[in-house]
Amino acid sequence: MANVNLRDIRKVYNHTQVIHGVNVDIDDGEFVVLVGPSGCGKSTLLRMIAGLEEISDGQIHIGSTIVNEMSPKDRDIAMVFQSYALYPHMTVAQNMGFSLQLRGGAKPEIRAQVEKAAKILNLEALLERYPRQLSGGQRQRVAMGRAIVRNPQVFLFDEPLSNLDAKLRVTMRGEIKALHQRLGSTMIYVTHDQVEAMTMADKIVVMRDGFLEQVGTPLSLYDRPANVFVAGFIGSPGMNLLSGRYAEGNVGIGDIALPVSERPSSASEGRQVIYGIRPEHLILSGDGGVPLVVEVVEPTGAETHVIGRVAGQRVIGVFRERITTRPGDFLSIACDPAKVHLFDPQSEHRIN
Amino acid sequence: MMMSAIESRRAMPVAAPSTSRLGGRLKRIALHGAVLLLCVVWFTPVLSLFVTTFRSESDSSLTGWWHAFVEWRPVLSNYVEAIYLAGVGRSVVNSIVLTIPTVLGTVLFSAIGAFALARMRFRGRIAVFLAMVGFQVLPPQLVLVPMLKFFLALGLTGTFIPVWIIEMGLTVPFGIFLLYGFFASIPSDLVEAARIDGASEPRIFFQIILPLSGAVLASLAILQFMIAWNHLLIPLIFLGSGSLSPLTVQVASLAQTNAGGLNTLTAATFISVVVPLVLIVSLQKYFVRGVLGGAVKG
């Protein structure tokens, strides 16, 4: 186990900078998720930690060692790939024991280690099978087993659940989380799925276009997103973001005034703001609420998603109630003023 | 009315397949006929050769080879004569000695070259690859004179060494080209996983890449076996028609001198044909799989 520190990491491909000076501190035993849309540089960053990509500038520390110039095998890391990357011509046991075999371990010792890892992952019955004889979920577990056997300081996961179907993904998510709790190792996990990030992480690192947007615990990111991007990215459905004008404790959106409990910092009366409210923080109110023109009603069983417009701007609401309103009807809603997020339209930074 | 509509609807699907089934059958018969015809055209010379090898000289001089099916009087004397008297036995050994190292060397060097080009990043990689493609269009005859001078100067003519080297040299560019596509299609995740597991580049090559490339390596080996086994010009130039001459050279000189008669020659020819024939028939599935390996993801 070890802490991982990234110091001003940069990556340049053919004169194009793709990672712009990223600083992250990952504590010993922490589960950190790098999340962001495709092309944000999260996988590149992970591959730089693994030693599969060169670092153009900056320093990567694993434990107390700077590993910039170290080859992947000397960094004491293990990686689980999106494609699993199991050796097709080797059995499960050989796949899992390959790294130990390369280190020159004795056969009985390798066998014991492999069996120990197999037991953790329920793979005992599959040890003599070949990868092609396994299901997607089993392959994924073998890939994790291969990592566990090495007993590395840091586990790296590169979108390991993307190739699985939705149901299996939920199961494996739980298994990875349980594995982390059991092993207590430092784990760095890359995904584009913010639900995975929210459910698994101790700490989330949100990236966009090679820049670090925000680092924090899942709930801190959810409750206090630092900017419009994080506000829209974290949470499903995403936060409603409406442009309006701040005046006297309200944000005016069209001819509707929405109250806010907190005055924006550097607020001047009449300044333009982006008003953010999460779909689940909209509540149904009696008459006199904000009129929402309903466009689509999506019942999910547990809750109802209503997509519509407030003063011409698109709004989505999530309600516990079962709503039978038809498209074109009005729904009277209210927003909890304490749950409102305000952002500056130019810098897109949080201002409350 | 209602009833008849239902009946006609029921009748329709029965009628439609019966015509299409007939068409399908005709198509199949035509296809089988064409394939059969090709087989006959290809197989007749081989069959005539095979039958003649078991006929006596006198029979052959009086009647055509197909008479063997009317009056079957097989003799083994043609083979005995070819193997012991006409030197074919010795030249089979020579052919094997010439071919096996050539095949092994070609596969090894092509694989190493293709691995470097497909999996390693170094300056001039594209230029080397293009040069390799370019070498394939050079006629082999172009290099024979300079090579002969070169090996004469080294005093290596009259040995197998120049033949091995030239045979390899002529096929390795194609081998690299063939294997490059396959190696490049092996997911880079596998190689990276091996690198993280602690494998060195040679180990990745021998323990990951080569075991995954069995079919394509086998097809290259078969191809090179056929080429080396059937080459006449190169061994003739570098080995002459002496005691080291392979089967092709031996059969050619037998045909020129007509020593031992026509039937001995047919036996010698059949021996030279049968080895690649058996090889390609028994290994054809690897050949097809290997050559198509890079094209379609398995």
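Per-chain numbering applies: the sequence of each chain, read as written, is numbered from 1 onward. Each chain gets a letter, beginning with A, and each ligand a number, beginning with 1, in the order they are written. Under the rules for a predicted model, residues below a pLDDT of 70 receive no local features and side-chain atom pairs below 80 are neither given nor counted, while totals for whole chains, interfaces and linings still include all residues.

Things to note about the overall build of chain B
Secondary structure is summarised from DSSP: a helix means a run of H or I of at least four residues, a strand means a run of E of at least two, and numbering begins at the N terminus for each. The helix and strand inventory of chain B stands at 13 helices and 0 strands. Each helix and strand of chain B, placed in order from N terminus to C terminus, yields the pattern α-α-α-α-α-α-α-α-α-α-α-α-α. Whether a residue is buried, exposed or partly exposed follows from its count of other C-beta atoms within 10 Å of its own C-beta, namely 20 or more, 12 or fewer, or something in between, respectively; the C-beta atoms are built from the backbone. Relative to its 298 residues, chain B shows a buried fraction of 32%.

Here we look at unusual backbone geometry
All names here are of chain A. With an omega of -5°, the peptide bond running from Ser236 to Pro237 counts as cis. With respect to the helices and strands, the residue Pro237 is situated in the loop between helix 8 (228–233) and strand 11 (240–247). With a phi close to 60°, Asp76 is a non-glycine residue in the positive phi region. Summarising the element assignment, Asp76 is placed in the loop between strand 5 (65–66) and strand 6 (77–80). For Asp209, which is not glycine, the phi dihedral falls at a positive 50°. Mapped onto the fold, Asp209 is located in the loop between strand 9 (203–208) and strand 10 (211–216).

A closer look at the interface of chain B and chain A
Each partner contributes residues to the interface: chain B has 13 residues there, and chain A has 17 residues. Of all the secondary structure elements, the ones that give two or more residues to the side of chain B that touches chain A are helix 8 (188–197) and helix 9 (201–212) of chain B. Gly is put with the polar residues, along with every residue not named as nonpolar or charged; the nonpolar set is Ala, Val, Leu, Ile, Met, Phe, Trp, Tyr, Cys and Pro, and the charged set is Asp, Glu, Lys and Arg. Taken together, the residues of the side of chain B that touches chain A break down into 8 nonpolar, 1 polar and 4 charged. We call two residues in contact if the C-beta atoms placed from their backbones are at most 7 Å apart.

Some details on the domain arrangement of chain A
All names here are of chain A. An automatic or database domain assignment provides the domain bounds reported here. In terms of domain boundaries, chain A breaks down into domain 1 (4–233) and domain 2 (240–343). Taking the mean C-alpha position of each, domain 1 and domain 2 sit 39 Å from one another. Listed by partner, the interface residues are 5 residues for domain 1 and 5 residues for domain 2.

Some thoughts on helix 6 (residues 141–154) of chain B
Residue and element names in this part refer to chain B. A helix is expected to span 1.5 Å for every residue after the first. Look at helix 6: 20 Å from first C-alpha to last across 14 residues, which is about the 20 Å you get at 1.5 Å a residue. Fitting one axis to the seven residues ending at a residue and another to the seven starting there, the bend at that residue is the angle between the two axes. Of all the bends in helix 6, the greatest, near 25°, is centred on Met147. The buried fraction of helix 6 amounts to 1 of the 14 residues, a small share that puts the element mostly on the outside. Positive backbone phi, approximately 70°, marks Gly155, located one or two places after helix 6.

A look at the sheet that holds strand 16 (residues 290–299) of chain A
All names here are of chain A. Strand order in this open sheet of 5 strands is 15-19-16-17-18, and the pairing throughout is antiparallel. Of all strands in the sheet, those bounded by a partner on one side alone are strand 15 (282–284) and strand 18 (313–319). Averaged over all neighbouring strand pairs, the angle between strand axes comes to 45°, with direction disregarded. Pairing between strand 17 (residues 304–310) and strand 18: 7 bridges, direction antiparallel. Looking at strand 18, one finds that Ile307 is bridged to Ile316. Strand pairing is assigned whenever DSSP identifies at least 2 bridges connecting the two strands. Between the N-to-C directions of two axes lies an angle of 0 to 180 degrees, each axis being a line fitted to C-alpha atoms and, for a helix, fitted only over the stretch in contact.

Notes on the confidence of the model for chain B
Low pLDDT marks regions whose predicted coordinates should not be analysed in detail. Residues and elements named next belong to chain B. Each residue carries a pLDDT score, the predictor's own confidence in it, on a scale running from 0 to 100. In the predicted model, chain B carries a mean pLDDT of 84, and the fraction of residues at 70 or more is 89%. This stretch, residues 1–15, has a pLDDT under 50; its non-local contacts, to residues over four places away or in other chains, come to 0 contacts. Low pLDDT (under 50) marks residues 294–298, which in the prediction has 3 contacts with non-local residues, meaning those over four places away or in another chain. Here the prediction assigns the complex a pTM of 0.80, and the interface score ipTM is 0.85.

Observations regarding the packing of helix 4 (residues 136–149) of chain A against helix 5 (residues 166–183) of chain A
Residue and element names in this part refer to chain A. Relative orientation of the contacting elements helix 4 and helix 5 amounts to 20°, with a least axis distance of 11 Å. Here helix 4 lies roughly parallel to helix 5, going by the angle between them. Both helix 4 and helix 5 take part in a crossing whose hand is right-handed. Within the contact between the two elements, helix 4 uses Gly136, Gly137, Gln140 and Met144 and helix 5 uses Leu168, Met172 and Leu179. Considered class by class, the residues forming the contact of helix 4 with helix 5 number 4 nonpolar, 3 polar and no charged. Roughly parallel means an angle under 35 degrees; roughly antiparallel means over 145; roughly perpendicular covers 65 to 115; every other angle is labelled oblique. Rotating anticlockwise by less than a right angle from the far helix to the near helix defines a left-handed crossing, while the corresponding clockwise rotation defines a right-handed one.

Some points on the sheet that holds strand 6 of chain A
Across a sheet, paired strands are connected by hydrogen bonds in the backbone, their directions being either parallel or antiparallel. Residue and element names in this part refer to chain A. One open sheet holds the 6 strands; their spatial order is 6-7-8-3-9-10, and the pairing between them is mixed. If you trace the sheet from one side to the other, it starts and ends with strand 6 and strand 10, each paired once. Averaged over all adjacent pairs, the angle separating strand axes in this sheet is 15°, with direction ignored. Looking at chain direction, strand 3 (residues 31–35) and strand 8 (residues 186–191) are connected through 5 bridges and run parallel.

Here we look at the pairing of strand 3 of chain A
Summarising burial for strand 3 of chain A: 5 of the 5 residues are buried, a large majority. Every second residue of strand 3 of chain A is oriented toward a common face, with Phe31(A), Val33(A) and Val35(A) on one face and Val32(A) and Leu34(A) on the other, all of them buried.

A closer look at the packing of helix 4 (residues 88–119) of chain B against helix 7 (residues 160–185) of chain B
Residue and element names in this part refer to chain B. Packing of helix 4 against helix 7 leaves a shortest axis separation of 6 Å and a crossing angle of 40°. Here helix 4 is positioned oblique relative to helix 7, judged by the angle of their axes. For helix 4 against helix 7, the interelement crossing comes out right-handed. Among the residues forming the contact of helix 4 with helix 7, the class breakdown is 19 nonpolar, 7 polar and 2 charged.

Focus: the pairing of strand 7 (residues 154–158) of chain A
All names here are of chain A. Of all 5 residues in strand 7, 5 are buried, a share of seventy percent or more. Burial along strand 7 is two-sided: Val154, Leu156 and Asp158 and Phe155 and Phe157, pointing in opposite directions, are all buried. Bridge count between strand 6 and strand 7: 4 bridges; the pairing is parallel. Following the sheet pairing, Met79 is matched in strand 7 by Leu156. Note that strand 7 and strand 8 share 5 bridges and pair parallel. The partner of Leu156 across the bridge, within strand 8, is Ile188. Following the backbone out of strand 7, through helix 5 and into the adjacent parallel strand 8, one traces a crossover that is right-handed. When the strands point away from the viewer and the path from the first strand over the helix to the second turns clockwise, the crossover is right-handed.

Section: the nonpolar core
Grouped together as the largest cluster of nonpolar side chains are 138 residues, with contacts concentrated most on Leu156(A), Ile188(A) and Leu179(B). At 12 residues, the largest contribution of residues to this core is made by helix 7 of chain B. In this structure, Leu156(A) is in contact with Leu46(A), Ile49(A), Ala50(A), Ile77(A), Met79(A) and Ile188(A), ignoring residues within four places of it in sequence. To form a nonpolar core, buried Ala, Val, Leu, Ile, Met, Phe, Trp, Tyr and Cys residues must be joined through C-beta atoms within 7 Å.

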